4 protein chains.
Amino acid sequence: MIAVLKNTATKEQIGSLVGWFESQGVKVHESQGDFCTVLGLIGDTTKIDIEMLQSLDIVEQVTRVSEPFKKANRKFHPEDTVVDCGGVKIGGGNFAVMAGPCSVESREQIIETAKRVQDAGATMLRGGAFKPRTSPYDFQGLKEKGIELLLEAKAATGLPIVTEIMDSDHLQYFKDIDLIQVGARNMQNFELLKALGKCNKPILLKRGLSATIKELLMSAEYIMSEGNENIILCERGIRTYETYTRNTFDLSAIPVLHELSHLPVVADPSHATGKRSLIEPMSMAAVAAGADALEIEVHPNPSKALSDGAQSLTPDMFVDVMKKINAVRSII
Amino acid sequence: MIAVLKNTATKEQIGSLVGWFESQGVKVHESQGDFCTVLGLIGDTTKIDIEMLQSLDIVEQVTRVSEPFKKANRKFHPEDTVVDCGGVKIGGGNFAVMAGPCSVESREQIIETAKRVQDAGATMLRGGAFKPRTSPYDFQGLKEKGIELLLEAKAATGLPIVTEIMDSDHLQYFKDIDLIQVGARNMQNFELLKALGKCNKPILLKRGLSATIKELLMSAEYIMSEGNENIILCERGIRTYETYTRNTFDLSAIPVLHELSHLPVVADPSHATGKRSLIEPMSMAAVAAGADALEIEVHPNPSKALSDGAQSLTPDMFVDVMKKINAVRSII
Amino acid sequence: MIAVLKNTATKEQIGSLVGWFESQGVKVHESQGDFCTVLGLIGDTTKIDIEMLQSLDIVEQVTRVSEPFKKANRKFHPEDTVVDCGGVKIGGGNFAVMAGPCSVESREQIIETAKRVQDAGATMLRGGAFKPRTSPYDFQGLKEKGIELLLEAKAATGLPIVTEIMDSDHLQYFKDIDLIQVGARNMQNFELLKALGKCNKPILLKRGLSATIKELLMSAEYIMSEGNENIILCERGIRTYETYTRNTFDLSAIPVLHELSHLPVVADPSHATGKRSLIEPMSMAAVAAGADALEIEVHPNPSKALSDGAQSLTPDMFVDVMKKINAVRSII
Amino acid sequence: MIAVLKNTATKEQIGSLVGWFESQGVKVHESQGDFCTVLGLIGDTTKIDIEMLQSLDIVEQVTRVSEPFKKANRKFHPEDTVVDCGGVKIGGGNFAVMAGPCSVESREQIIETAKRVQDAGATMLRGGAFKPRTSPYDFQGLKEKGIELLLEAKAATGLPIVTEIMDSDHLQYFKDIDLIQVGARNMQNFELLKALGKCNKPILLKRGLSATIKELLMSAEYIMSEGNENIILCERGIRTYETYTRNTFDLSAIPVLHELSHLPVVADPSHATGKRSLIEPMSMAAVAAGADALEIEVHPNPSKALSDGAQSLTPDMFVDVMKKINAVRSII
């Protein structure tokens with residue numbers, strides 16, 4: 001860590017700051033410039049609070065050289081992590097496709113979808129039971145009943161299940177779930193992250209709506225620091241000024257996360273774009289960018305007015321998308 | 001609500017959609033243009049899911065005319081809400097200043113700060129006991145011990161207390177807290193919002209890092225829909241590309257929230273700017289824009305290297321800021 | 001176009017507004033709801049100023065149904081446009097790679113680079129002669145001398161040239177340039193766009209730092225409305241809060257632009273990411289997303305300290321990237 | 001300037017880089033850490049290209065300590081600059097209000113507005129003659145005829161004129177204009193900035209839609225480096241994800257610009273918010289934040305349907321806003 005001090009800093013102030021750093025177990029190299037003093041901090045600076053330092057009057061700028069995340073850091077763990085989700089491996093060259101409806105609606109719907117996506121080549125079933133909704137008046141999901149239906153679909157097909165948790169008090173319902181998803185809005189719900197760090201389930205951690213790549217890794221670090229290292233990171237689009245797509249799909253995050261971390265990365269083109277017609281090209285692009293898995297919405301029931309045109313692909317469309325995905329995978 | 005349908009929509013598709021709307025208790029006016037069909041939906045459309053509608057293939061665009069929030073909406077509740085926080089009234093012409101340290105560190109620190117900010121004119125004491133931190137390795141607060149110290153400071157000065165909650169399981173510690181703060185990262189932690197809707201304490205709801213004004217109101221609606229209508233909204237800066245300030249302080253949100261809602265609005269210049277030198281001008285600006293309260297960081301202890309220059313004001317600086325705030329208040 | 005009027009609008013105000021619309025040659029369908037009046041505008045609304053309408057007191061919201069761009073619009077020109085740049089075709093299934101250094105530095109540098117990228121499979125040579133720089137103290141390019149050197153490199157290799165223009169007064173130097181680039185900072189330099197609309201050269205129009213997809217198309221429309229329809233659009237990253245990459249590469253813009261417009265789309269992974277290690281995966285992703293061309297920085301001279309590590313690829317690295325690009329192209 | 005090198009950098013690479021810095025007239029202090037080497041660059045680093053440095057493979061991070069702007073920098077010019085615009089002084093305690101219509105429409109309109117805003121206390125007249133519009137089909141302004149009408153209004157009232165330039169070829173029409181405005185879209189039209197640096201007129205430089213505060217200062221530096229130091233900076237809202245207001249009014253930029261620079265700062269609440277009802281509170285807030293001037297849209301003609309509700313204030317509303325502005329000014 002490098003701290004640049006203002007040229008208005010007095011010797012006493014500098015001495016006091018250096019003393020404090022040393023009391024934190026960090027060695028300090030001081031060098032004096034024409035316009036400023038530079039302190040190079042050497043040793044374990046992960047516990048130094050960079051925002052606090054930046055707010056000091058005598059500090060011009062602070063720059064981290066070593067990253068504040070350790071367990072998620074590829075520097076200290078060079079080989080790819082492979083996460084096993086109910087028998088399906090993700091990462092380290094293992095590729096998976098998680099498909100299914102946004103919400104679990106009924107036994108028939110979820111079992112039919114499971115069968116259709118399995119036939120098309122999906123290796124895991126996704127479906128929402130606990131649904132985070134912007135409005136309290138919108139459908140909040142079938143909750144524990146939805147979990148039960150997902151497990152019935154698993155029994156019928158053998159597909160492992162990924163579904164979202166919204167509160168640590170609900171963990172009791174997730175005992176047989178293969179991969180527990182943390183949604184974008186909860187990426188910095190630190191109490192939930194800590195609770196998940198104490199369970200021994202694989203976690204799919206979605207990037208927050210305006211989270212930086214490093215904040216996503218710090219949230220993974222929260223879970224890992226409690227003992228659970230089975231984390232899959234997820235790029236699902238970030239919030240920008242552009243309104244044509246629901247979010248802006250930051251595909252660069254995929255190779256960046258692979259550089260910075262050993263954890264697998266999944267991409268979610270359905271939530272990232274919000275538009276059915278973009279799922280195919282953006283799935284292909286995500287795979288070309290190195291995604292270890294895709295999470296795609298598929299809804300089985302084209303006969304009803306509403307599902308007719310949903311952002312979700314129909315099972316038939318999904319068959320085509322899988323072919324394209326596999327073609328891109330074949331040349332990676 | 002207005003739904004514009006594509007000119008590729010067939011009569012059957014339109015009829016099916018109209019039937020579904022009617023089954024939801026909404027009347028439909030259909031008008032046919034050269035390039036599109038327009039459906040005007042009349043009645044209670046708060047339960048219609050706009051994102052789902054937008055995702056239909058036959059739908060070009062959907063526009064809400066009436067807002068999806070009801071209890072927070074000024075249209076249905078024209079007079080200002082006044083929230084009573086342990087005897088301090090906020091809103092409807094009542095102005096308050098909440099001051100104190102970012103974190104509660106010790107009995108001495110919090111009691112001294114309480115006395116100093118009270119002398120300067122603050123009417124409530126703020127201080128963090130449960131601290132949301134980006135890194136699991138950063139100081140997480142004194143937790144329940146911090147709450148106890150805040151209550152000691154209240155006993156010593158009579159100042160009501162505002163402090164942050166991070167998990168509904170901690171509610172037991174907040175029984176004697178006067179105003180419970182929900183931080184930006186938890187603005188869409190819907191399970192926490194629902195739990196707070198069932199307690200009878202005033203809630204200070206901070207805008208999320210990249211939450212729209214309407215999403216902030218929808219989160220207030222979550223709390224209110226469970227029965228608790230004592231909500232104060234808080235503008236604390238939003239995330240943008242500008243890095244000179246920690247966040248971008250969206251002061252326009254203050255008059256906008258007053259137009260859309262009857263709830264009081266507090267502004268937090270300390271977190272919004274992250275720079276001590278900006279607290280004074282931005283406090284004055286927030287009051288000029290109509291803020292019902294300010295939340296300002298003040299730290300008492302200028303003798304230590306670290307607190308010396310913290311973003312927090314010293315008590316002496318705070319005295320000057322209070323004079324400027326009062327001057328602006330006098331002409332509002 | 002749909003205009004939703006507030007329920008406070010009087011009959012006189014509505015009548016006056018309807019009269020004004022009719023005077024603009026637009027037919028109006030009026031429908032009355034419980035909470036609002038909706039005007040459906042039918043006919044050619046491209047000249048109606050939507051921002052002005054939105055600012056009227058009686059107007060709640062205005063929504064465009066038909067897009068305000070015509071010449072760039074795929075609805076009125078369904079087949080792909082193919083742009084011929086000095087013999088190299090782009091669009092409609094024709095793919096090109098433009099490679100070369102950020103700035104032209106010397107005859108030797110540009111000619112060597114041209115030969116190396118040509119050998120690796122590039123079909124056009126890029127290089128900056130007029131350089132837009134944030135600081136007036138930074139190198140501003142070799143200007144007309146740089147153009148001369150680019151033309152020498154063209155003579156030596158046969159590669160057509162793409163290079164940036166910054167002012168319409170410089171058009172005299174671009175007579176022999178095959179594709180004239182408009183940089184992101186000039187995307188809404190409307191006087192420059194109009195001047196380029198009157199020349200008969202292909203134009204590569206880069207998306208502005210925070211331009212929406214529709215604003216990019218409106219800027220293309222400026223050029224096309226003056227008579228020049230040989231436009232190639234370019235996604236080169238947008239500005240967001242994320243700082244790890246120089247910009248956020250909005251790859252979704254590629255299929256979106258293809259849906260909305262018939263114009264070819266090029267992607268620029270070098271400027272979008274600012275990181276050499278990301279060029280390969282993001283080039284592959286851009287091709288998988290449907291890009292009609294790529295623009296990639298390559299610098300020939302690894303012996304100097306500075307170019308040693310530049311964001312630019314070395315020619316050897318570029319050989320590898322071309323192989324990966326061609327592999328992805330083969331399955332599109 | 002501080003350059004942090006990766007621990008993979010070899011001695012030869014470091015030596016080569018240090019040699020290059022020294023050849024640029026910069027002294028280098030090298031210090032070796034456990035994980036990295038830090039180079040402190042001392043002397044005039046304004047000509048060092050930070051983006052180029054950051055792109056070197058051996059460089060982890062580069063941080064500027066001294067700002068790259070000199071002439072606009074308060075460090076080298078501590079006293080406030082006062083700009084004289086046709087007799088109206090702005091900055092250094094001198095406050096001005098520029099008011100008038102978005103576009104000049106007719107002689108009657110502009111002269112009537114000039115008289116009305118003058119009566120209410122405005123000290124300068126604003127009005128658009130050359131209009132930058134997103135669409136080529138929207139009204140582009142009366143151009144040179146508009147300039148003539150503005151000068152007639154000046155003759156009738158004595159109010160100095162501020163109006164926008166879009167191309168350096170139009171400078172001939174601006175001979176009698178008192179303050180030349182550069183719009184947000186042209187903030188980085190560097191050729192225009194250089195041309196304005198060679199004229200001897202005061203320049204009002206608007207912040208770009210997504211320009212950082214430092215980029216705004218670098219654009220001022222472009223003009224100043226050519227000899228023209230009469231610059232007024234303008235905060236007019238930045239582009240964010242929030243759609244309720246047209247832009248997000250970044251009022252913190254006002255005190256930040258005052259800290260970093262000696263140039264006066266004007267705020268434009270009309271363009272920043274796009275909503276008439278927000279002009280009054282945001283004008284007051286801008287003055288409370290320290291703005292040296294305000295630019296406000298006022299349109300005189302409430303009898304026509306269209307101007308009836310425009311974002312512009314009516315002259316009567318403007319009278320009220322001026323009273324509130326003056327009240328806030330009185331306590332600054």
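Novice: Let's hear about the packing of helix H3 (residues 107–120) of chain B against helix H11 (residues 315–331) of chain B: which residues, and what values?
Specialist: Residues and elements named next belong to chain B. Direction vectors running N to C along H3 and H11 enclose 25°, while the axes themselves pass 9 Å from each other. Our classification of the angle between H3 and H11 gives roughly parallel. Between H3 and H11 lies a crossing whose hand is right-handed. Contact residues: H3 offers Arg116, Val117 and Ala120, while H11 offers Pro315, Asp316, Phe318, Val319 and Met322. Within the contact of H3 with H11, the residues separate by chemical class into 6 nonpolar, no polar and 2 charged.

Novice: Before we move on, could you go through the relation of the copies chain B and chain A and cite the residues and values that matter?
Specialist: What connects the two chain copies is a rotation about an axis and a shift along it. With an RMSD of 0.1 Å, chain B superimposes on chain A once it is rotated by 180° and translated 0.0 Å along the axis. The two molecules are tied by a two-fold rotation axis, judged by turn and shift. By C-alpha distance to the rotation axis, the residue of chain B lying nearest is serine 210 of chain B, at 3.0 Å. Comparing interface residues between copies, 100% of those in chain B also lie at the interface in chain A; the contact surface is shared.

Novice: So what's going on with the side chain of aspartate 292 of chain A? Residues and values would help.
Specialist: Counting through the fold element by element, aspartate 292 of chain A comes out in the loop between helix H9 (276–288) and strand E14 (293–297). No salt bridge is formed by the buried aspartate 292 of chain A; its nearest oppositely charged neighbour, arginine 329 of chain A, is found at 6.1 Å.

Novice: Tell me about the sheet that holds strand E8 (residues 124–126) of chain A, residues and numbers included.
Specialist: All names here are of chain A. If you walk around this closed barrel you meet the 8 strands as E7-E8-E9-E10-E11-E12-E13-E14, and the pairing is parallel. Sheet twist, expressed as the mean angle between neighbouring strand axes with direction ignored, is 30°. Pairing of strand E7 (residues 96–100) with E14, which is carried by 5 bridges, proceeds in the parallel orientation. Following the sheet pairing, glycine 100 is matched in E14 by glutamate 297.

Novice: Kindly report on the relation of the copies chain D and chain B, identifying the contributing residues and their values.
Specialist: Each copy superposes on the other: chain D lies on chain B with an RMSD of 0.0 Å after a rotation of 180° and an axial shift of 0.0 Å. When the interface residues of chain D are mapped onto chain B, 100% of them again fall at the interface, so both copies present the same face.

Novice: Any chance you could break down the nonpolar core for me, citing the residues and the numbers?
Specialist: Of all hydrophobic cores here, the largest spans 307 residues; its most connected members are Phe318 of chain A, Phe318 of chain B, Phe318 of chain C together with Phe318 of chain D. Aside from chain neighbours lying at most four places away, what touches phenylalanine 318 of chain A is Val97, Ala99, Val117, Ala120, Ala122, Ile296, Val298 and Leu313 of chain A. Counting residues in hydrophobic clusters, the runner-up holds 19 residues, among them Ile14, Val18, Phe21 and Val62 of chain C.

Novice: Explain the interface of chain B and chain A to me, using residue names and the numbers behind them.
Specialist: With 55 residues of chain B in contact, the opposing surface of chain A contributes 55 residues. Where chain B touches chain A, the interface holds 2 salt bridges. The interface formed by chain B and chain A holds 17 residue pairs in polar contact (both at pLDDT 80 or more) in total. Secondary-structure elements contributing two or more residues to the side of chain B that touches chain A are helix H1 (11–23), helix H2 (50–54), helix H5 (190–197), helix H6 (213–225) and helix H10 (305–308) of chain B. The element best represented in the side of chain B that touches chain A is H6 of chain B, accounting for 5 residues.

Novice: Would you mind going over the pattern of salt bridges in detail, with residue names and values included?
Specialist: Residue and element names in this part refer to chain A. For the structure on display, the rule yields 76 salt bridges over all chains. Residue arginine 107 pairs with glutamate 152 through a salt bridge whose shortest N-O separation is 2.7 Å. Taken together, the positions of arginine 107 in helix H3 (residues 107–120) and glutamate 152 in helix H4 (residues 144–157) put the pair 45 residues apart, joining distant regions of the chain. Note on arginine 107: relative accessible area 42%, which makes it partly exposed.

Novice: Could you give an account of helix H9 (residues 276–288) of chain C, with specific residues and numbers?
Specialist: All names here are of chain C. Within H9, the axis deviates most sharply at methionine 282, by approximately 25°. Most of H9 sits out of view: 11 of its 13 residues are buried. Taken as a whole, H9 has its buried residues at Arg276, Leu278, Ile279, Pro281, Met282, Ser283, Met284, Ala285, Ala286, Val287 and Ala288. Just past H9, the residue glycine 290 takes up positive phi, approximately 105°.

Novice: Account for the interface of chain D and chain B, naming residues and giving values.
Specialist: At the junction of the two partners, chain D supplies 36 residues and chain B supplies 36 residues. Carbon and sulfur atoms supply 69% of the area buried between chain D and chain B, which totals about 2,900 Å² over both sides. Three residues, Tyr241, Tyr244 and Ile331 of chain D, lead the burial of chain D against chain B; their summed loss comes to 23% of the area buried on that side. Among the salt bridges present, the one from glutamate 242 of chain B reaches arginine 207 of chain D, with a minimum N-O distance of 2.8 Å. Summed over the shared surface of chain D and chain B, the result is 8 residue pairs in polar contact (both at pLDDT 80 or more). Of all elements in the fold, only helix H6 (213–225), helix H7 (253–260), helix H9 (279–288) and helix H11 (315–331) of chain D reach the threshold of two or more residues within the side of chain D that touches chain B. With 5 residues, the top contributor of residues to the side of chain D that touches chain B is H9 of chain D. Of the residues assigned to the side of chain D that touches chain B, the class counts are 22 nonpolar, 8 polar and 6 charged.

Novice: I'd love a proper account of unusual backbone geometry, names of residues and values included.
Specialist: Residues and elements named next belong to chain C. Its identity as a non-glycine residue notwithstanding, lysine 143 has a phi of 55°, on the positive side. As for its placement among the helices and strands, lysine 143 is situated in the loop between strand E8 (124–126) and helix H4 (144–157). For lysine 143, a relative accessible area of 31% corresponds to the partly exposed category.

Quick notes on the rules
Residues numbered from 1 in each chain as written. Chains lettered and ligands numbered in written order. Predicted model: local features only at pLDDT ≥ 70, side-chain atom pairs only at ≥ 80, totals over all residues. Heavy atoms only, no water. Axes fitted to C-alpha atoms, helices over the stretch in contact; angles between N-to-C directions. Helix = DSSP H or I, 4+ residues; strand = E, 2+ residues; numbered from the N terminus. Parallel < 35°, antiparallel > 145°, perpendicular 65-115°, else oblique. Left-handed = near helix turned anticlockwise from the far one by under 90°. Contact = heavy atoms within 4.5 Å. Nonpolar A, V, L, I, M, F, W, Y, C, P; charged D, E, K, R; others polar. Least-squares fit on C-alpha atoms with pLDDT ≥ 70 in both. Buried < 20%, exposed > 50% of the residue type's maximum accessible area, 1.4 Å probe, protein only. Lys, Arg positive; Asp, Glu negative; His and termini not counted. Salt bridge = Lys/Arg side-chain N within 4 Å of Asp/Glu carboxyl O. Pairing = 2+ DSSP bridges. Core = buried A, V, L, I, M, F, W, Y, C linked by side-chain atoms within 4.5 Å. Polar contact = N/O pair within 3.5 Å; in protein donor to acceptor, adjacent residues only side chain to side chain. Bend = angle between axes of the 7 residues up to and from the residue. Buried area = accessible area lost by both parts, 1.4 Å probe.

What is shown is where atoms sit, not what they do.
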